[in-house]
Amino acid sequence: MKKLQEAQLRKPVTPDLLMTPSDQGDVDLDVDFAADRGNWTGKLDFLLSCIGYCVGLGNVWRFPYRAYTNGGGAFLVPYFLMLAICGIPLFFLELSLGQFSSLGPLAVWKISPLFKGAGAAMLLIVGLVAIYYNMIIAYVLFYLFASLTSDLPWEHCGNWWNTDLCLEHRGSKDGNGALPLNLTSTVSPSEEYWSRYVLHIQGSQGIGSPGGIRWNLCLCLLLAWVIVFLCILKGVKSSGKVVYFTATFPYLILVMLLIRGVTLPGAWKGIQFYLTPQFHYLLSSKVWIEAALQIFYSLGVGFGGLLTFASYNTFHQNIYRDTFIVTLGNAITSILAGFAIFSVLGYMSQELDVPVDQVAKAGPGLAFVVYPQAMTMLPLSPFWSFLFFFMLLTLGLDSQFAFLETIVTAVTDEFPYYLRPKKVVFSGLICVAMYLMGLVLTTDVSGFGDRWLVGEAGRTLWQCLWPGCVAGGRGAGIQRFCRDIHMMLGFKPGLYFRACWLFLTPATLLALLVYSIVKYQPSEYGSYRFPAWAELLGILMGLLSCLLIPAGMVVAVLREEGSLWERLQQASRPAMDWGPSLEENRTGMYVATLPGSQSPKPLMVHMRKYGGITSFENTAIEVDREIAEEEESIM
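What counts, and at which threshold
- Residues numbered from 1 in each chain as written.
- Predicted model: local features only at pLDDT ≥ 70, side-chain atom pairs only at ≥ 80, totals over all residues.
- Heavy atoms only, no water.
- Helix = DSSP H or I, 4+ residues; strand = E, 2+ residues; numbered from the N terminus.
- Buried < 20%, exposed > 50% of the residue type's maximum accessible area, 1.4 Å probe, protein only.
- Contact = heavy atoms within 4.5 Å.
- Areas by Shrake-Rupley, 256 points an atom, 1.4 Å probe, with all protein chains shown as cover.
- Axes fitted to C-alpha atoms, helices over the stretch in contact; angles between N-to-C directions.
- Parallel < 35°, antiparallel > 145°, perpendicular 65-115°, else oblique.
- Phe/Tyr/Trp six-rings, centres within 6.5 Å; stacked < 30°, edge-to-face > 60°.
- Salt bridge = Lys/Arg side-chain N within 4 Å of Asp/Glu carboxyl O.
- Disulfide = S-S within 2.5 Å.
- pLDDT = per-residue confidence, 0-100.
- Left-handed = near helix turned anticlockwise from the far one by under 90°.
- Nonpolar A, V, L, I, M, F, W, Y, C, P; charged D, E, K, R; others polar.
- Expected span 1.5 Å × (residues − 1).
- Bend = angle between axes of the 7 residues up to and from the residue.

A. Quick peek at the overall build of the chain. Counting secondary structure elements, the chain contains 26 helices and four strands. A total of 635 residues make up the chain; the buried ones form 54% of that total. Taking the contacts inside the chain whose residues are at least 6 apart along the sequence as the reference set, 80% of them involve residues at least 24 apart. Counting every atom, the chain has about 27,600 Å² of accessible surface; 65% of that belongs to carbon and sulfur.

Structure below.
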């Protein structure tokens, strides 16, 4: 018995204050912990998800048109400059917030509860965009199924949906060369197929008269939501595997379309039209604003998708490297897509013997009218049509995964004890609710509604306000934010990032906001002008997300105590549990602030776990020393 007591005395005992909850075995800490949040199963999951989120439909149908209408090759100058000033800094900022906190767009505002309304605004915008975006995927599915035939249905006139204005826009040749077609006051079969068969726009008198539900579109929309739900069924663990296909396969199809396009007669005519630099355009402010808008829409900064994806990373994931890979890869993809699109438009222009600018369109008009018409001029047209729409499907699904994951993650992080164990059911309910809300887009008014539902003004306003909220949330300034990144990555952001976050990016965003307000124009669909009530409702939908920010400030202030100034100060400070989610990653000001935390120095956890001090622990020591020196200088 005596020997047993001596052995027990010789056994090293770790003081309770140096023990983590996991070290204490089955000891009841009287603390309830939420279900495991989950992480990516591999580093490539995160990288491919970001690429899939950023490389979307806008790269195919928005960038090429914006390039050729704003100076051709000269447009690349403001495009890459805006990428450097706004795109890359904001991209890195959003990834850093998500990875540092491992929280979604709502809970991340523990950084400064005063700005929690920004998270709610983000969710509102993402919700509206997700409803609209999945309707586009439904259109793509519709065309995908229509391509499974020997003759494409938009190839000829003479169908029940065609009018007397329908003319098959095909060039004819004889021995003397091409005979030009008179396209004045005529409509192509592909345009009437889109507007009169798919949208059935003739069945509505306007946005106030929706007409009946188009059941073929309704079923395609249902299929789109079923696909999305199945892919996000297990969160990032399932969607992270799907993107290995959906993020890479579009590049294979794009290369195939590019090779086919550049081998067509007249292809160089379209490419020359696309890239010929017109440097006098650079003197126009419109070109620079258009470049900034393209960066925002393409990278998707400020919508919460990047923040959500980064929140599932390990604490020391190298997001600095990933930022440059994704942003530069996205830009290169846009340029490559322009070659694929305009090579075919050049061929189409030569066949019809008309200028390229008469066949080029932007947005849905390019994807659902011009390019399908070009496909009818190629041998094996159903095959190329199927490939094109399958590429659009995979491009769209990646972005839709991000939108849904953003909403689900934000709400489950806010109520982890109730929703995280039932995440599958909650995800299903979100999909059902959004499907029902999107049914209005399957009616005869869908052609009008697509242009009206998600106004560019509201999105631009939000994207301008989002970085300001982040800057305001970091009450102690940029220095503390850089210190957090130092703790996470092992190095501080350089002068380039600090200058952009403090001066260059806010100034550019302010200019973008002013430009959007000054140049605002009422929405139109062809010759149809929206009524005043619809225009006002669209503006209010855009402004509502912005108004949620001051509303959140009021709620945060009311929850505090003291005078108004004291309440503002308390609401702007980080919450007690703000910081890295795992205790071993918390140091300096973040030590022992987690519920149930027993360790005053998480560095000791590292030493016991790894048997020594790693480079990241050295970083933690440096950060602690910096904080101590800063506190001494203040005193």
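B. Spotlight on the packing of helix H23 (residues 532-558) against helix H24 (residues 564-572). With their axes 8 Å apart at the nearest point, H23 and H24 run at an angle of 110° to one another. Classified by the angle their axes make, H23 and H24 are roughly perpendicular. In this structure, H23 contributes Ala556, Val557 and Leu558 to the contact, and H24 contributes Leu564, Arg567, Leu568 and Ala571.

C. A look at the packing of aromatic side chains. For the structure shown, the criterion picks out 54 aromatic pairs. Judged by centre distance (5.5 Å) and plane angle (85°), the rings of Phe249 and Phe390 are edge-to-face. With Phe249 in helix H10 (residues 249-262) and Phe390 in helix H16 (residues 381-414), the pair connects residues that are 141 residues apart, well separated along the chain. Consider the rings of Tyr320 and Phe324, whose centres lie 5.3 Å apart with planes at 70°: the pair is edge-to-face. With Tyr320 and Phe324 both in helix H14 (residues 319-352), this residue pair falls four residues apart, about one helical turn. On the accessibility criterion, Tyr320 (30% relative accessible area) is partly exposed. Overall, Phe324 belongs to the partly exposed group, its relative accessible area being 26%.

D. Examining unusual backbone geometry more closely. With a phi close to 55°, Ser102 is a non-glycine residue in the positive phi region. Counting through the fold element by element, Ser102 comes out in the loop between helix H5 (76-101) and helix H6 (116-146). With a relative accessible area of 12%, Ser102 lands in the buried category.

E. Molecular detail of the pattern of salt bridges. One pass over the full model with this rule turns up seven salt bridges. Notably, a salt bridge pairs Glu405 with Lys423, separated by 3.5 Å at the nearest N-O pair. Of the two residues, Glu405 is situated in helix H16 and Lys423 in helix H18 (residues 423-438); the sequence distance between them amounts to 18 residues. By relative accessible area, Glu405 is classed as buried at 2%. The closest approach of N and O atoms between Arg420 and Asp413, which form a salt bridge, is 2.8 Å. Take Arg420 and Asp413: they sit in the same class, and that class is buried.

F. Representation of the state of the cysteines. All chains considered together, the criterion is met by one disulfide. Between the sulfur of Cys157 and that of Cys166 lies a disulfide, 2.0 Å long from S to S. Across the disulfide from Cys157 to Cys166, rotation about the S-S bond amounts to roughly -80°, and the bridge is consequently left-handed. With no disulfide of its own, Cys500 has Cys86 as its nearest cysteine by sulfur position, at a separation of 7.8 Å.

G. Molecular detail of the confidence of the model for the chain. Averaged over all residues, the pLDDT of the chain equals 79, while 77% of them reach at least 70. A low-confidence stretch, residues 451-458 (pLDDT under 50), is modelled with 23 contacts involving residues beyond four sequence positions or located in other chains. Contacts from residues 471-476, a stretch scored under 50 in pLDDT, to residues over four places away or in other chains number 12 contacts.

H. Local environment of the packing of helix H8 (residues 215-231) against H16. The contact between H8 and H16 brings their axes to 10 Å, and the two run at 65°. If you check the angle between H8 and H16, you find them roughly perpendicular. Of the two possible hands of crossing, H8 and H16 adopt the one that is right-handed. Residue-level inspection shows Trp225, Ile227, Val228 and Cys231 of H8 in contact with H16, the latter providing Leu397, Gln400, Phe401 and Leu404. Each residue belonging to the contact of H8 with H16 can be placed in one class, and the counts come to seven nonpolar, one polar and no charged.

I. Structural detail: the environment of Ala556. Inspection of the secondary structure assignment puts Ala556 in helix H23. As a C-alpha pair, Ala556 and Phe115 span 441 residues in sequence and 8.2 Å in three-dimensional space. Sequence-distant contacts of Ala556, defined by excluding residues within four places in its chain, comprise Pro113, Leu114 and Ala571.

J. Representation of the environment of Leu275 in the model. Take Leu275: it is sitting in helix H11 (residues 267-275). Setting aside chain neighbours within four positions, we find Leu275 in contact with Gly72, Gly73 and Phe339.

K. Up close: H5. With 26 residues, H5 should cover 38 Å at 1.5 Å per step; its first-to-last C-alpha distance of 36 Å lies within 8% of that length. If you look at H5, its biggest bend is around 45°, right at Leu83. With 21 of 26 residues buried, H5 lies mostly within the body of the structure. Two residues or fewer after H5 comes Ser102, characterised by a positive phi angle close to 55°.

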